[in-house]
Amino acid sequence: MAKKTETLLDKLVSLCKRRGYIYPSSEIYGGLASIYDYGPLGAELKKNIKNFWWKWMVQLHEEIVGLDSSILMAPRIWEASGHVESFTDPLVDCKKCKQRFREDLLEDSDTCPNCGGELTDPRQFNLMFKTFMGPLEDSAHVVYLRPETAQGIYVNYINVLNSSRLKIPFGIAQIGKAFRNEITTENFIFRTREFEQMEMQFFVKPGTDSDWFETWKQNRIDYYKKLGVRGDKVRFHQHGENELAHYAKEAFDIEYEFPFGWKELEGIHNRTDFDLKRHQEYSGRDLSYFDDVSRERYIPYIVETSAGVDRTLLTVLVDAYEEQELEKDTRTVLHLSPPIAPIKAGIFPLVKKEGMPDVAKKIYNDLRPYYNVFYDEGGAVGRRYRRQDEVGTPFCITVDTETLEKETVTIRDRDSMQQERVKIDQLRKFLFDKVETV
Ligand code: ATP
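Criteria and thresholds
- Residues numbered from 1 in each chain as written.
- Predicted model: local features only at pLDDT ≥ 70, side-chain atom pairs only at ≥ 80, totals over all residues.
- Heavy atoms only, no water.
- Helix = DSSP H or I, 4+ residues; strand = E, 2+ residues; numbered from the N terminus.
- Buried < 20%, exposed > 50% of the residue type's maximum accessible area, 1.4 Å probe, protein only.
- Contact = heavy atoms within 4.5 Å.
- Areas by Shrake-Rupley, 256 points an atom, 1.4 Å probe, with all protein chains shown as cover.
- Lys, Arg positive; Asp, Glu negative; His and termini not counted.
- Charge placed at Lys NZ, Arg CZ, Asp CG, Glu CD.
- Domains from an automatic or database assignment.
- Buried area = accessible area lost by both parts, 1.4 Å probe.
- Salt bridge = Lys/Arg side-chain N within 4 Å of Asp/Glu carboxyl O.
- Polar contact = N/O pair within 3.5 Å; in protein donor to acceptor, adjacent residues only side chain to side chain.
- Near = heavy atom within 4 Å.
- Phe/Tyr/Trp six-rings, centres within 6.5 Å; stacked < 30°, edge-to-face > 60°.
- Lys NZ or Arg CZ within 6 Å of the ring centre and 35° of its normal.
- Pairing = 2+ DSSP bridges.
- Axes fitted to C-alpha atoms, helices over the stretch in contact; angles between N-to-C directions.
- Core = buried A, V, L, I, M, F, W, Y, C linked by side-chain atoms within 4.5 Å.

Q: Just to check I follow, could you spell out the overall build of the protein for this structure?
A: Per the secondary structure count, the protein includes 13 helices and 23 strands. On the principal axes, the C-alpha backbone points of the protein span a range of 75 × 65 × 50 Å. A buried classification covers 50% of the 438 residues belonging to the protein. Relative to all contacts within the protein whose residues are 6 or more apart in sequence, the contacts with residues 24 or more apart total 65%. Surface exposure of the protein reaches about 21600 Å², of which carbon and sulfur atoms provide 48%. Looking at charge distribution, the protein has the averaged site of its 62 positive side-chain charges lying 4 Å from that of its 72 negative ones.

Q: Looking at this model, I keep getting lost on the domain arrangement of the protein. Mind explaining?
A: It is common to give the size of an interface as the accessible area lost on bringing the parts into contact. Looking at the protein, the domain boundaries give domain 1 (8-73 + 147-317) and domain 2 (343-435). Taken together, the contact pairs seven residues of domain 1 with six residues of domain 2. Roughly 600 Å² of surface becomes buried between domain 1 and domain 2 when both sides are summed, with 41% attributable to carbon and sulfur atoms. Looking only at domain 1, the three residues that lose the most surface to domain 2 are R19, L41 and E44, adding up to 63% of its buried area. Taken together, domain 1 and domain 2 are joined by two salt bridges. For E390, the salt bridge is made with R18, and the minimal N-O distance between the two is 3.0 Å. Inspection of the domain 1/domain 2 interface yields four residue pairs in polar contact (both at pLDDT 80 or more). For the side of domain 1 that touches domain 2, the secondary-structure elements that each account for two or more residues are α1 (8-19) and α2 (40-59).

Q: How should the site of the ligand be read in this particular structure?
A: Neighbouring the ligand are 17 residues, the closest being E182, R191, T192, E264 and L265. One of the side-chain nitrogen or oxygen atoms of R180 is found 3.0 Å away from an oxygen atom of the ligand. Side-chain polar atom of E264 to an oxygen atom of the ligand: 2.6 Å apart, as the coordinates give it. Taking 610 Å² as the accessible area of the ligand by itself, protein coverage stands at 87%. Every element with two or more residues in the shell around the ligand is listed here: β10 (194-204), β13 (261-272) and β16 (301-308). Ranked by the residues each element gives to the shell around the ligand, the list is headed by β13, at five residues.

Q: I tried to follow the packing of aromatic side chains on my own but got confused; where do I start?
A: Any pair of aromatic rings gets described here by the distance separating the centres and the angle formed by the planes. Under the defined criterion, the tally for this structure stands at 19 aromatic pairs. Taking the centre distance of 5.8 Å and the plane angle of 50° together, the rings of F348 and Y385 count as tilted. Separated by 37 residues along the polypeptide, F348 in strand β19 (residues 345-349) and Y385 in helix α11 (residues 381-391) bring together distant segments of the chain. Just above the ring of F190 sits the side chain of R311; from NZ or CZ to the centre is 3.7 Å. Cation over ring: R428 sits above Y370, and NZ or CZ is 3.8 Å from the ring centre.

Q: Looking at this structure, I do not really get the sheet that holds strand β5 (residues 100-102). What am I missing?
A: Working definition: the strands of a sheet are paired by backbone hydrogen bonds and lie parallel or antiparallel to each other. Pairing within the open sheet is antiparallel, and its three strands lie in the order β5-β4-β6. Among the strands making up the open sheet, the edge pair consists of β5 and β6 (123-126). Geometrically, the sheet is characterised by an average inter-axis angle of 45° between neighbouring strands, direction not taken into account. Where strand β4 (residues 88-93) meets β6, four bridges bridge the pair, whose relative direction is antiparallel. For P90, the partnering residue across the bridge sits in β6 and is Q124.

Q: What is the right way to look at the pattern of salt bridges in this model?
A: When the charged atoms of two side chains with opposite charge come close together, those side chains can pair. Taken as a whole, this structure holds 39 salt bridges when the rule is applied. A salt bridge links E79 to R76; its shortest N-O distance comes to 3.1 Å. With a gap of three residues between them, E79 and R76 both fall in helix α3 (residues 76-80), about one helical turn apart. Taking the relative accessible area as the measure of exposure, E79 reaches 34% and is therefore partly exposed. Overall, the relative accessible area of 45% leaves R76 in the partly exposed class. The partner of R100 in a salt bridge is D93, with the nearest N and O atoms 2.5 Å apart. We classify R100 as partly exposed; its relative accessible area is 44%.

Q: Just checking my understanding: could you explain the nonpolar core for this structure?
A: A general trend in soluble globular proteins is that nonpolar side chains are found buried together. The biggest cluster of nonpolar side chains holds 56 residues, and the ones touching the most others in it are Y21, I22, L45, Y224, L314 and L317. No other element matches the eight residues that α2 contributes to this core. Once residues lying within four places of it in the same chain are set aside, the contact partners of L317 are L12, C16, Y21, I22, L45 and L334. One finds A360, L367, I411 and V422 within the second-largest nonpolar core, a separate group that totals 20 residues.

Q: Explanation requested: unusual backbone geometry in the structure shown.
A: Backbone geometry follows two general trends: most residues other than glycine have a negative phi, and most peptide bonds adopt the trans configuration. Geometrically, the link from I168 to P169 is a cis peptide bond, its omega value of 5° lying close to zero. Turning to its location among the elements, P169 is positioned in the loop between α6 (157-162) and β9 (170-179). Its identity as a non-glycine residue notwithstanding, T272 has a phi of 50°, on the positive side. Relative to the elements of secondary structure, T272 occurs in strand β13. Its identity is not glycine, yet M417 carries a phi of approximately 65°, on the positive side. Looking at where M417 falls in the secondary structure, it is placed in the loop between β22 (408-413) and β23 (419-423). When its relative accessible area of 31% is taken as the criterion, M417 is described as partly exposed.

Q: Looking at this structure, how should I read the sheet that holds strand β11 (residues 234-238)?
A: Here seven strands make up an open sheet; going across it, the order is β3-β9-β10-β16-β13-β12-β11 and the pairing mixed. The open sheet is flanked by β3 (64-67) and β11, the only strands paired with a single partner. Between one strand axis and the next, the sheet turns through 25° on average, direction left out of account. Two elements, strand β12 (residues 250-258) and β13, share nine bridges in a ladder whose sense is antiparallel.

Shown next as structure tokens:
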């Protein structure tokens, strides 16, 4: 039988498992469909992506503040938001092979893409996960796992206003888990049932929303370039009339060219005053804002930027992966940008003698409080470089004979493989300049 050719995604999945980026969840029990766990390097990368986003969106904007709202919320919130009624996808079944599909993702909605069989008529399927609060499992005690983090921001917007000095325009940002009982999951961590979102809701005066929408569109595309994603791999996709979500006046996706095609990475939506008006109606609370510049009272409009943490993580891995054919072998390298790379530097003694391990260990211990660095003294130095290349470590610091005389080390750059000599007492500054670049 012919051997199946390994796709880039296959290679990445295997690298992620082998080197501790991502594992299938509950693996020893046979796994749980499309749920994944992050290993030591994956956990670092995820944390770095979230920190990068937080720094870009919150720390660098005096008019944006953070929030951390709960996953379980009053069920009425999801009635007000429209999710109970219309957060649905059209589900079709194949009458022959019984496989399920999301009708809107099929090219031909009459024929099964798997076996060519006939498909059923579509049924609307609500994507929210339900559970029960308290000991009684009846309809009065149903609560939902949030399908987006945005609603936690809307229902807290008056609290945030009253406890800060913010004035319109301002934003509230949040990172947190969201859950969707997706009909089909696909492409590794691209679409999963449990995932994390990084959302920023920007509250503006009605009438200024279109300008703010443009501002945030530009800001968000700039962000991906700063994150290190190749510019020609990201583009906008405007939602047509029949793609628009129930709350949106205007929507653009930022798409990335994955090995499986151009797909959404982030959504930017003009949600108008839809959500706040609905929460005002359903809660009976006044959610209007008094604008002391224009002396008017109004319900703010909201421009939303909503990105997935896991999808960003897949994007940076796909974008960074390269196999380079060198003279003697193939070098696998992840060109992750230094701010998000899990390990910032590998630290090696050239050989395990002449006091080199002691000096390298001291450098390692001195840098550890500031950066995630990795000490390795096993095997030939070339192999140690390769091991770090494969996990995306941007720099390798090597202690050699010259170190003992001149207090300098070599720093090898992962991408160019060039080495430079740097004074040991300059290493912290060297890493700072490369890593703290948001
Ligand atoms: P799709 O049409 O692909 O189902 P969506 O338009 O419903 O996605 P949004 O509601 O705009 O997605 O969610 C914002 C972001 O959250 C997405 O751009 C994506 O990065 C992330 N996201 C949404 N659903 C998932 C999922 N099932 N798995 C991983 N990330 C997701």
